[in-house]
Amino acid sequence: MSTERLPLRVWLLMLPLLIVMLTVIGWPLIDTIRLSFSDARLVGTGGHFVGLHNFTKMLSNSYFHSAFFTTLKFSLWSVTLELVIGVLVALLLNQKFHGRTLLRALLILPWALPTVVNATLWRLIYNPEYGALNAALTQLGFLDSYRSWLGEPGTALTALIVADVWKNFPLVALIALAALQAIPNDIRAAAISDGANVWRRFRHVTLPYLLGPLMVALVLRTIEAFKVFDLIWIMTRGGPANSTRSLSILVYQEAFAFQRAGSGASLALMITLMITVLAVAYLFIMRRLAGEGR
Amino acid sequence: MSTLELHGIRKSYGALETLKGIDLDLQNGEFLVLLGASGCGKSTLLNMISGLSEPTAGEIILDGRTLNGVHPKDRDIAMVFQSYALYPNLTVARNIGFGLEMRNVDLTTRKKAVAEAAEMLQISHLLDRKPGDLSGGQRQRVAIGRAMVRKPKLFLFDEPLSNLDAKLRMEMRSELKRLHQMLGVTVVYVTHDQIEAMTLATRIAVMNGGQIEQLGTPAEIYNRPTSRFVAEFMGAPPMNILPTSAVAGGLRLGTTKTVWRCHHPASEIVVGIRPEALKTKTIAGGLRLSGRVELIELTGPEQIVSLALDGASITASLPAEEELRLGQALDLYVDTERLSAFDAETGLRVEITSEHPKA
Ligand SMILES: Nc1ncnc2c1ncn2[C@@H]1O[C@H](COP(=O)(O)OP(=O)(O)O)[C@@H](O)[C@H]1O
Ligand SMILES: [Mg+2]
């Protein structure tokens, strides 16, 4: 990358955009920081400066802890499953067979659906009275009686993870498929005649080509999963018994349901910080990969 | 001792027949070059020898063993690709030793073999690098090393030098020739470059449309092409082809006044003259072609001169020292021994004997 200083002209050209960005992103951010140090409420007057009180209170709050671990669990499971399933599906769709083009087109469908639609769809599937999952499992003999998948603390988070994986594995699969198609045929042929079996061909030929693009998918998906809000809000609203309350849901409840704008803002800032750490860590890894993969 | 036999190899993709019956018999230590234009089926043939694809019909025999249906890794054949096909995440050393590693050869034997090959290819100092850090020529050496360590019965090369620049290509060409002479291995080498074919081959198979048009030593292919296709494919600048018409006691070249006194068949004949067979000095018993200099291209050691004849144009490679001017009249002479004659209809070579005037 060039480290040359940008000439003044470039800054001037960017100025209008910079002003817009600063007003729509910079100002709210500064206001959030200001709020996070106050006991302001959603309605009423500005509130008083309370120092780090909001932060210390949150960090010792058990709601915060459980929301953090719920978010972590959700992110780890959904991203891992999306990567594994995505790669497997990509490997499958990279094979030659009849109807491959149709399947490739269909693959995009879950990902193209808006989250609201996907969430509503899965709520119907999980419905305790007429949901397809209950019907299927009872008819196949796996289940004696209908269950409320989203209504039980033991299964709600898993049900959400499944819905999220269903929606987002196609993105990973598409990225992986593009990477697979970029593998030169000659290398595969060379590995075959060198006597490499299927696993070693995957390990030494396929994987090196997949790794970079998969890192990108991993970054995107982890950050998005960590911010998850709409899917949970539509399917469970954080329940039952707060078992699916993610950090974003907690922020929403704190700031809007309980109208505590100050502590809500402090919470939002902490999430932003965590995601920034994730993003920087991944950028670092990607840079190293880019440095190696020449 | 490795001999390769191909019997009636055919390959079809759907209704399209890419190879239309290939027969070859390769002796131990031979360097066979498959030469042909892009798309004539060279790679297809090579892939079937290596086992990456199976022929639709025909038999492949290596050292008396039928290879049809044998897995590529069990064929004892190593292939070098145009794109190098190195494993990007492995070091040069592991790339070279990969075939041995996959065959579970122990580490010390492997290391020794890799070091030996690297030494021979002068890439010992690169063993710890990744392919991404190497130049094209170095990568191709690694690819050759990877084939060498396996000590295969047969080496296959698919246009290995096509991705290199001109200077490097020449260097690697000599390198390959040196390696072949040193190791005495059997090689099938695919290229569309006739210079590569001429310099490397012990025998050349010129391919055309899925068939072998001519099989012979470089000298045979060049001097006695069995068809007009081979004649025109080999040589740069290409061979001049002139139509003829029968006159009393010989053939008249084009619409010129030049007559080749010879015994010729009744069929229509075209005559081929290599540009370097044309001279400015009189040749006893030779033919004279008179024309006007139309174009001069200096290549360094020689000049390529286009000569406008009556209604035709021929190209001559003349020594650079000859002083020529555009538009000047020029007489060129050719020894009739160096003429090739082809049937205008079938394109096949016709042997024609000259009638020498009593001196
Ligand atoms: N897998 C394939 N499917 C269909 N046609 C093929 C396939 N491989 C090669 N061909 C056809 O066979 C012909 C010869 O190809 P190839 O052997 O690669 O030519 P060359 O190596 O001489 O340039 C080409 O016309 C190509 O389109
Ligand atoms: Mg080819």
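For every chain, the first residue of its written sequence is number 1, and the numbers climb from 1 along that sequence. Here chains are named by letter from A upward and ligands by number from 1 upward, in the order in which they appear as written. Owing to the predicted nature of the model, reporting of local features is limited to residues with pLDDT of at least 70; listing and counting of side-chain atom pairs is limited to 80 or more, with chain, interface and lining totals taken over all residues. Neither water nor hydrogens contribute to the side-chain values; these are computed over all heavy atoms in the structure.

**Some points on the interface of chain A and chain B**
Many analyses report the size of an interface as the accessible area lost when the parts associate. Chain A puts 17 residues into the contact, and the matching count from chain B is 23 residues. Two parts lose some accessible area (1.4 Å probe) when they are put together, and adding that loss for both gives the buried area. Interface area for chain A against chain B, summed over the two sides, is near 1,800 Å², with a carbon-plus-sulfur share of 57%. Sorting the residues of chain A by area buried against chain B places A:Ser193, A:Asp194 and A:His204 first, and these three jointly supply 35% of that buried surface. Salt bridges are defined as contacts in which a side-chain nitrogen from Lys or Arg sits within 4 Å of a carboxyl oxygen from Asp or Glu. At the junction of chain A and chain B, the tally comes to 2 salt bridges. Between A:Asp194 and B:Arg146 there is a salt bridge, with its nearest N and O atoms 3.8 Å apart. Counting of polar contacts relies on pairs of N or O atoms within 3.5 Å, with two restrictions inside protein: one atom must be capable of donating a hydrogen and the other of accepting it, and residues adjacent in sequence are counted only when both atoms are side-chain atoms. The interface formed by chain A and chain B includes 6 residue pairs in polar contact (both at pLDDT 80 or more). Of all the elements in the fold, those that place two or more residues in the side of chain A that touches chain B are helix 8 (185-193) and helix 9 (198-226) of chain A. Runs of H or I in DSSP of at least four residues are treated as helices and runs of E of at least two as strands, each being numbered from the N terminus. The biggest single contributor to the side of chain A that touches chain B is helix 8 of chain A, with 7 residues. By the convention adopted, Pro, Cys, Tyr, Trp, Phe, Met, Ile, Leu, Val and Ala count as nonpolar, Lys, Arg, Asp and Glu as charged, and the other residues, Gly among them, as polar. Considering only residue class, the side of chain A that touches chain B consists of 9 nonpolar, 3 polar and 5 charged. In what follows, residue pairs with any heavy atoms lying within 4.5 Å of each other are defined as contacts.

**With respect to the side chain of A:Thr155**
Following the sequence through the fold, A:Thr155 ends up in helix 7 (residues 153-181). Among all residues touching A:Thr155, those that are not within four sequence positions of it are A:Arg147, A:Ser148 and A:Trp149.

**Description of the sheet that holds strand 9 (residues 203-208) of chain B**
Residues and elements named next belong to chain B. Being paired, for any two strands, means DSSP has found at least two bridges between them. If you trace the 6 strands from one edge of the open sheet to the other, you get 6-7-8-3-9-10, paired in mixed fashion. Every interior strand has two partners, whereas the edge strands, strand 6 (77-80) and strand 10 (211-216), have only one. Averaged over all neighbouring strand pairs, the angle between strand axes comes to 20°, with direction disregarded. Relative to strand 10, strand 9 runs antiparallel, the two being bridged by 5 bridges. Paired with Asn208 across the strands is Gln211, a residue of strand 10. Across the sheet, helix 4 (residues 136-148) touches strand 6 and strand 7 (154-158), and the angle it forms with strand 6 is around 175°. For helices, the axis comes from a line fit to the C-alpha atoms of the stretch in contact; other axes are also lines fit to C-alpha atoms, and the angle between any two N-to-C directions lies between 0 and 180 degrees.

**Some words on the confidence of the model for chain B**
Within chain B, residue pLDDT values average 92, and 99% of them lie at 70 or more. Predicted complex, confidence summary: ipTM 0.83, pTM 0.80. Across the chain, each position has a pLDDT score giving the predictor's confidence in that residue, from 0 to 100.

**Description of the pairing of strand 1 (residues 4-13) of chain B**
Residues and elements named next belong to chain B. Pairing analysis gives 8 bridges linking strand 1 to strand 2 (residues 16-26), with the strands arranged antiparallel. Bridging from a neighbouring strand, Glu5 pairs with Asp25 of strand 2. Here strand 1 folds back onto strand 2 in antiparallel fashion, the turn holding 2 residues, of which Gly14 has a positive phi close to 65°. As defined by bridge partners, strand 1 adjoins strand 4 (residues 57-62) across 5 bridges and the pair is classed as antiparallel. Bridge pairing links Glu5 to Ile61 in strand 4.

**Describing the domain arrangement of chain B**
Residue and element names in this part refer to chain B. What fixes the domain bounds is an automatic or database domain assignment. Parsing chain B into structural domains produces domain 1 (2-233) and domain 2 (240-354). Inter-centroid distance (C-alpha atoms) of domain 1 to domain 2 is 38 Å. Listed as interface residues are 9 residues of domain 1 and, on the opposing side, 10 residues of domain 2. Regarding the contact of domain 1 and domain 2, the summed buried area is about 880 Å², with carbon and sulfur atoms giving 46% of it. Among the residues of domain 1 in contact with domain 2, Tyr222, Arg224 and Arg228 are the three that bury the most area, contributing 56% of the side total. Where domain 1 packs against domain 2, one counts 1 salt bridge. At the junction of domain 1 and domain 2, the tally comes to 7 residue pairs in polar contact (both at pLDDT 80 or more). Elements with a contribution of two residues or more to the side of domain 1 that touches domain 2: helix 7 (218-223) and helix 8 (228-233).

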